[in-house]
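Results of the structural survey
Listed below are the residues making up each chain.
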Amino acid sequence: MTPEVHVISHPLIQHKLTIMRRKETSTASFRRLLSEVSLLLGYEVTRDLPLVMEEIETPLAPMQAPLLEGKKILIVSILRAGTGILDGLLQLMPSARVGHLGLYRDPATLQPVEYYFKIPEDITERAVIVVDPMLATGHSAAAAVERIKARKPRNIKFLCLLAAPEGLAYFHKHHPDTPVYTAAVDEYLNDHGYIVPGLGDAGDRIFGTK
Ligand code: URA
């Protein structure tokens, strides 16, 4: 199986991403742009959602019309930066269900350790989108997807803003069947685990913590 990587090259996304990358972009602008870009990425990531035809009545006539099939989508945000993407996706899909997964990196083992996990009990009929702006080492993303796959969702995708080639390789080594959607794949991951050229620390830029 060839792992799927979808780089969404829409001009509006690319333009907004460039403004987000600039170091002088303010917290308020960064947050707003991430929300806007997420909405546009969300449009692509949901492109293959199945539809069912239902009988409805317009003011003029009955007709068969398409509606989304099955249960509402579940968006799982990896804390804390996933919140920035969640916001835009919820504008697109206000009825989506939302889960949260908190992971920190153990300083000794460098492995992700879970400190929070809350998603709906039964997700067997739901499509899941896991979101985190930066697919850097890929460790958190892979751990998150593994955790959610254990609950047997209908299907699962990973959505980020930027990916490093190293992170994509790690992620797809563990989850070759999980498509990744991103606005760009950057050059490399530096020794501190930052994507280069990247945009810095996404969480700090969203929340203004630095
Ligand atoms: N997380 C970030 O916020 N930025 C990076 O470049 C890598 C991981």
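Below you will find a few notes about this structure. Remember, predicted model here, so these are calculated numbers, not experimental data.

1. Here we look at the environment of Val113
Relative to the helices and strands, Val113 is located in strand E6 (residues 112-118). Taking the C-alpha atoms as reference, Val113 lies 10 Å from His139; in sequence the two are 26 residues apart.

2. Overview of the sheet that holds strand E1 (residues 5-7)
One open sheet accounts for 7 strands, arranged E1-E11-E9-E7-E4-E5-E6; its pairing is mixed. The sheet is open, and its two borders are formed by E1 and E6, each paired with just one other strand. In this sheet, adjacent strand axes meet at a mean angle of 20° when their direction is disregarded. Where E1 and strand E11 (residues 180-182) come together, 3 bridges link them in parallel fashion.

3. Focus: the side chain of Ser35
Relative to the helices and strands, Ser35 is located in helix H2 (residues 27-45). Assessed through its relative accessible area of 7%, Ser35 is described here as buried. In this structure Ser35 touches Gly84, Asp87, Gly88 and Gln91, once residues within four positions along its chain are discounted.

4. Looking at the sheet that holds strand E12 (residues 184-185)
Spatially, 3 strands are ordered E8-E10-E12 in an open sheet, and the strand pairing comes out parallel. Here the strands that pair on one side only, and so sit at the sheet edges, are strand E8 (134-135) and E12.

5. Remarks on the pairing of strand E7 (residues 127-131)
Along E7, 5 of the 5 residues are buried, which leaves the element largely enclosed by surrounding structure. Alternating positions in E7 separate into two faces, Ala127, Ile129 and Val131 on one and Val128 and Val130 on the other, with burial throughout. Sheet analysis places strand E4 (residues 74-79) next to E7, joined by 4 bridges and oriented parallel. Residue pairing in the sheet places Ser77 in a bridge with Val131 of E7.

6. Brief notes about a nonpolar patch on the surface
Together, Val5, Val7 and Val185 make up an exposed nonpolar region whose accessible area comes to about 200 Å². Structurally, Val7 is set in strand E1. The class of Val7 is partly exposed, set by a relative accessible area of 44%.

7. As for the site of the ligand
For the ligand, the full set of nearby residues is Met134, Ala136, Gly193, Tyr194, Ile195, Gly200, Asp201 and Ala202. Gly200 is positioned such that a nitrogen or oxygen atom in its backbone is 2.8 Å from a nitrogen atom of the ligand. Here an oxygen atom of the ligand sits 2.7 Å away from a polar atom, N or O, in the main chain of Ala202. Taking a 2 Å distance to the grid points as the criterion, the majority of the atoms of the ligand fall inside the largest pocket. Taken together, the residues that form the shell around the ligand break down as 5 nonpolar, 2 polar and 1 charged.

Parameters at a glance
- Each chain has its residues counted from 1, running along the sequence as written.
- Since the coordinates come from a predicted model, pLDDT governs what is reported: local features require at least 70, and pairs of side-chain atoms require 80 or more to be given and counted, while whole-chain, interface and lining totals use all residues.
- Hydrogens and waters are ignored; side-chain quantities use all the structure's heavy atoms.
- By definition, any uninterrupted DSSP run of H or I lasting at least four residues is a helix, any uninterrupted run of E lasting at least two residues is a strand, and each is numbered from the N terminus.
- Here the rule is simple: two strands pair whenever DSSP picks up at least two bridges between them.
- Angles here are taken between N-to-C directions and fall from 0 to 180 degrees, while the axes themselves are lines fitted to C-alpha atoms, restricted in helices to the stretch in contact.
- Whether a residue is buried, partly exposed or exposed follows from its accessible area with a 1.4 Å probe, protein chains only, as a fraction of its type maximum: under 20%, in between, or over 50%, in that order.
- Whether two residues are in contact is decided by their heavy atoms: any pair within 4.5 Å suffices.
- A residue counts toward a patch only above 30% relative accessible area and without a salt bridge, and it is joined to like-charged neighbours within 9 Å or, for Val, Leu, Ile, Met, Phe, Trp and Tyr, to nonpolar neighbours within 5 Å.
- The accessible surface values rely on the Shrake-Rupley method and a 1.4 Å probe; as for residues, cover is taken only from the protein chains in view.
- A carboxyl oxygen of Asp or Glu within 4 Å of a side-chain nitrogen of Lys or Arg is what we treat as a salt bridge.
- Only a single heavy atom is needed: when it lies within 4 Å of a molecule or strand, its residue is near that molecule or strand.
- Under the rule applied, a polar contact is a pair of N or O atoms within 3.5 Å (in protein, one hydrogen donor and one hydrogen acceptor; residues adjacent in sequence only if both atoms are side-chain atoms).
- Space inside and on the surface of the protein is sampled on a 1 Å grid over the protein atoms alone, with a cavity defined as a set of points where a 1.4 Å probe fits but cannot get out and a pocket as an open set with protein on both sides within 12 Å along at least 5 of 7 lines; lining residues have an atom within 4 Å of a point.
- Should more than half of a molecule's atoms lie within 2 Å of a pocket's or cavity's grid points, that molecule is taken to sit in it.
- Following the grouping adopted for this structure description, the nonpolar residues are Ala, Val, Leu, Ile, Met, Phe, Trp, Tyr, Cys and Pro, the charged ones are Asp, Glu, Lys and Arg, and the polar ones are all others, Gly among them.

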